[in-house]
2 protein chains.
Amino acid sequence: MSANSKLTVAAHALAWIGLYQRRGHEVATSEQIAASVNTNPVVIRRLLAELRKAGLADSRRGVGAGWMLSREPTAITLLDVYEAVEPGPLFALHRSTPNPECVVGRGIGPAMTTVYDDVETALRKELAKTTLEDVLRGVLNAT
Amino acid sequence: MSANSKLTVAAHALAWIGLYQRRGHEVATSEQIAASVNTNPVVIRRLLAELRKAGLADSRRGVGAGWMLSREPTAITLLDVYEAVEPGPLFALHRSTPNPECVVGRGIGPAMTTVYDDVETALRKELAKTTLEDVLRGVLNAT
DNA sequence: CATTGTCGTAACTGGATTGGTTACATTAAG
DNA sequence: CTTAATGTAACCAATCCAGTTACGACAATG
């Protein structure tokens, strides 16, 4: 089953930072974001560290430290976030390799891989359509 | 991460049954299938039980028992299999509900849901393109 | 230069999920 | 009645993940 709320939380965090900056603040703290997400600050820091590695966010240290976006909300797509946060493939093959003596055991991997590749391509294309700016607009409209 | 090998194994099992039937046999046993997948027969039975519930496979009991397809391979798409085997949504929202006092906390759920709906639609459309017949052909070509 | 507020990160925990395994009742052919 | 298979419950071990605690690193500020 999908335990996959990482993308949601990542988008939440970025949206929060984006909105906060738009209101004139320099940086947002992991504690503020955690309060909105309703989780622990460390969870947020870990997640944002991945986004930083992907060049989507950045952090300052010391007093007055916190997080900011590395790019304009219009220049961050959900595909960027997805890739930063979900490295593995959507569908996996077998966990223990199937019987190589069997035609199906040999052929099923390649056969499914081509399908999965197409599915992932479609998924990426769809995620690329939405920017953080769109998310921000959606968030404000939902009020 | 994707621990999602269920779809792969389900397709494997159905392909095995399909090929076996095509070669003139009436039914395939969970033990035969398990030997090809390289797992335990009970795992296969559990999985096939789900596919049976979805009307894709059927089973006989008693001596000479086993499994058969309920429809022609051309009439079974990977979307059918996916729906039979993966009931939950691809992306989940937060596990603990976000802070409703916060604009982002309130709006992020609806905003992401619309995106996720589009993504799932794209994914389903892609999975619907491939039938078990296609998989079977792919398996045999891979040899 | 000491204080302070925040990040960075390791380590541990508890809960949930999952695949595998054993065991045994049920079923139907011969 | 015997036999070969499914149906299903129960349990185990491994894995994963979010949450939590703890503490070191860092930089602004007075």
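Keep in mind that this is a model prediction, so the values were computed, not measured.

Asker: Would you explain the packing of helix α4 (residues 78-85) of chain B against helix α5 (residues 103-128) of chain B in this entry?
Answerer: A pair of packed helices can be characterised by two numbers: the angle between their axes and the separation between those axes. All names here are of chain B. Their axes nearest at 6 Å, the elements α4 and α5 cross at an angle of 125°. Viewed along their axes, α4 and α5 adopt a mutual orientation that is oblique. Across from Leu78, Leu79, Tyr82 and Glu83 in α4, the residues of α5 making contact are Leu123, Arg124, Leu127 and Ala128. Classifying every residue of the contact of α4 with α5 by side-chain character gives six nonpolar, no polar and two charged.

Asker: How should I be thinking about the protein's contact with DNA strand D in this particular structure?
Answerer: Around DNA strand D sit 25 residues in total, of which Thr39 of chain A together with Ser30, Arg45, Arg52 and Val63 of chain B are the nearest. For DNA strand D, the fraction of protein-proximal atoms (within 4 Å) that sit in sugar or phosphate groups is 53%. Serine 59 of chain B has a polar side-chain atom sitting 2.8 Å from a phosphate oxygen of DNA strand D. Sorting the residues of the surface near DNA strand D by element identifies α3 (41-53) of chain A together with α3 (41-53), β1 (57-60) and β2 (66-69) of chain B as the ones contributing at least two each. Ranked by residue count, the leading element in the surface near DNA strand D is α3 of chain B, at four residues. Split into classes, the residues belonging to the surface near DNA strand D amount to eight nonpolar, nine polar and eight charged.

Asker: Would you mind showing me how to read the packing of aromatic side chains here?
Answerer: We describe a pair of aromatic rings using the distance from one ring centre to the other and the angle between the two ring planes. This model, assessed by the stated rule, comprises six aromatic pairs over all chains. Measuring from centroid to centroid gives 6.1 Å for phenylalanine 91 of chain A and tyrosine 82 of chain B, while their planes differ by 90°, and the two rings are edge-to-face. Placement of phenylalanine 91 of chain A in the loop between α4 (78-85) and α5 (103-128) and of tyrosine 82 of chain B in helix α4 is noted, with the two residues assigned to different chains. Residue phenylalanine 91 of chain A shares its accessibility class with tyrosine 82 of chain B, and that shared class is buried. By way of ring pairs, the aromatic residues Tyr82 of chain A together with Phe91 and Tyr116 of chain B are connected into one cluster.

Criteria and thresholds
Residues numbered from 1 in each chain as written. Chains lettered and ligands numbered in written order. Predicted model: local features only at pLDDT ≥ 70, side-chain atom pairs only at ≥ 80, totals over all residues. Heavy atoms only, no water. Axes fitted to C-alpha atoms, helices over the stretch in contact; angles between N-to-C directions. Helix = DSSP H or I, 4+ residues; strand = E, 2+ residues; numbered from the N terminus. Parallel < 35°, antiparallel > 145°, perpendicular 65-115°, else oblique. Contact = heavy atoms within 4.5 Å. Nonpolar A, V, L, I, M, F, W, Y, C, P; charged D, E, K, R; others polar. Near = heavy atom within 4 Å. Polar contact = N/O pair within 3.5 Å; in protein donor to acceptor, adjacent residues only side chain to side chain. Phe/Tyr/Trp six-rings, centres within 6.5 Å; stacked < 30°, edge-to-face > 60°. Buried < 20%, exposed > 50% of the residue type's maximum accessible area, 1.4 Å probe, protein only.

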